[in-house]
Amino acid sequence: MDFDFQHCIRCTICVANCPVYRVNPEFPGPKQAGPDAERFRSDDEKTSIDKWIRLCNQCKLCEVACPYGVNPAQIILREQVRYGGKHFRPLAARVFANNYWLGAVSSVIAPVYIPFPQYRVHSMNRSWRWKGRRKNRKKVVFFYGCFLNYNRPDIGRDVRDLLASLGLRVIIPEQVCCGLPALGNGDVETARKFARKNARILAGYIDRGYDVIYTCTSCGLTLTQDYPGILNAPDGKKISENTYNLHEYVLKLMEEHYIEPVFESFHRKVAYHIPCHLRALGIGYPAARLLEKIPGLEIHILEDNCCGLSGSYGFKRSNEETSVKLGTTAGQAIKDVDPD
């Protein structure tokens, strides 16, 4: 037994903060699915996993809310993995577990219509592998993730160029999926294969003085928490200690006076939806801190709602009703701000 379930005092704060529990009566909530159920599980009771364990979308807001340091989402994730290993996983789960290869195939046939977000032929892994001067004092590795790789490589290249413009030596190494889609679909072996490959590459660059930069908060959570945790990746602790969110890193450069940008006045109203996994990272809201430095910008931070998609969770028909309810609430909060 682990994850400190013994520290749970059943205060139900985690339940009150669980978005899935609020909209799906079939899910008993993180307290019952996590610490409560864990009290009755043992290593010999491999069948004591209820199918509703799959209804948790791993937003991790229960862990953010818990005042006693209990990790309900980690307990539930372990049981989701165990459930996936003992039961037949539907085709959708198998496809999304291999999201990296789905993207690789889809980017090749991008001109052909498929009912997914648009894929691009000129993906990030077909972009230039480096940018910036070799003698730049600071060097970074850009971990771009599957979405920027296959769906929005234009944004990925903009990020690369931005980092280079700040006086950084930017390397885009060979990389694969962080492993989260596989982990979230109960395929821990595939997740570990991805993690081992990435860990070997990233650790090599860290040893040569590079920092690791990510833009996707879910990728960041996997690199910093799951690599040294449930995936037990080689050098996982080293990767966790040298990996930064893009906006967090820009603020770090400013605090170190490596860069001293001048922000011009820009009069707009902005609604900023805070991703659940950004909250789970525990690094605050660095993008919001950057936006607050722009004179004239009116920022509305929306941190109360889950978007409902949760990676591949929202693409599955079985989760559609839950996902749409959550997304509708989050979308209405943005509409209420009436941003530019």
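Shown above is the structure to which this text applies.
A brief structural summary.

## Focus: the side chain of Glu 63
Stage number 1. Summarising the element assignment, Glu 63 is placed in helix α4 (residues 61-65).
Stage number 2. As a buried residue without a salt bridge, Glu 63 has its nearest oppositely charged side chain in Lys 60, at a separation of 5.0 Å.
Stage number 3. There is a polar contact of 3.1 Å between the side chain of Glu 63 and the backbone nitrogen of Ala 73.
Stage number 4. Aside from chain neighbours lying at most four places away, what touches Glu 63 is Val 70, Asn 71, Pro 72, Ala 73 and Gln 74.

## With respect to a nonpolar patch on the surface
Stage number 1. Side chains of Val 105, Val 108 and Ile 109 sit close together on the surface and give an oily, nonpolar patch of about 260 Å² of accessible area.
Stage number 2. Owing to a relative accessible area of 57%, Val 108 belongs among the exposed residues under this scheme.

## A short note on the pattern of salt bridges
Stage number 1. Using the criterion set out here, one finds 17 salt bridges in the structure.
Stage number 2. The partner of Glu 174 in a salt bridge is Lys 197, and the shortest N-O contact between them spans 3.1 Å. With Glu 174 in the loop between β3 (168-171) and α10 (180-184) and Lys 197 in helix α11 (residues 188-207), this residue pair connects regions lying 23 residues apart in the sequence.
Stage number 3. For the salt bridge of Glu 321 with Lys 325, the shortest nitrogen-to-oxygen distance reads 3.3 Å. Here Lys 325 and Glu 321 lie together in helix α17 (residues 320-337), a separation of four residues that amounts to about one turn.

Analysis parameters
Residues numbered from 1 in each chain as written. Predicted model: local features only at pLDDT ≥ 70, side-chain atom pairs only at ≥ 80, totals over all residues. Heavy atoms only, no water. Helix = DSSP H or I, 4+ residues; strand = E, 2+ residues; numbered from the N terminus. Buried < 20%, exposed > 50% of the residue type's maximum accessible area, 1.4 Å probe, protein only. Lys, Arg positive; Asp, Glu negative; His and termini not counted. Salt bridge = Lys/Arg side-chain N within 4 Å of Asp/Glu carboxyl O. Polar contact = N/O pair within 3.5 Å; in protein donor to acceptor, adjacent residues only side chain to side chain. Contact = heavy atoms within 4.5 Å. Patch = residues over 30% accessible without salt bridge, like charges linked within 9 Å, V, L, I, M, F, W, Y side chains within 5 Å. Areas by Shrake-Rupley, 256 points an atom, 1.4 Å probe, with all protein chains shown as cover.

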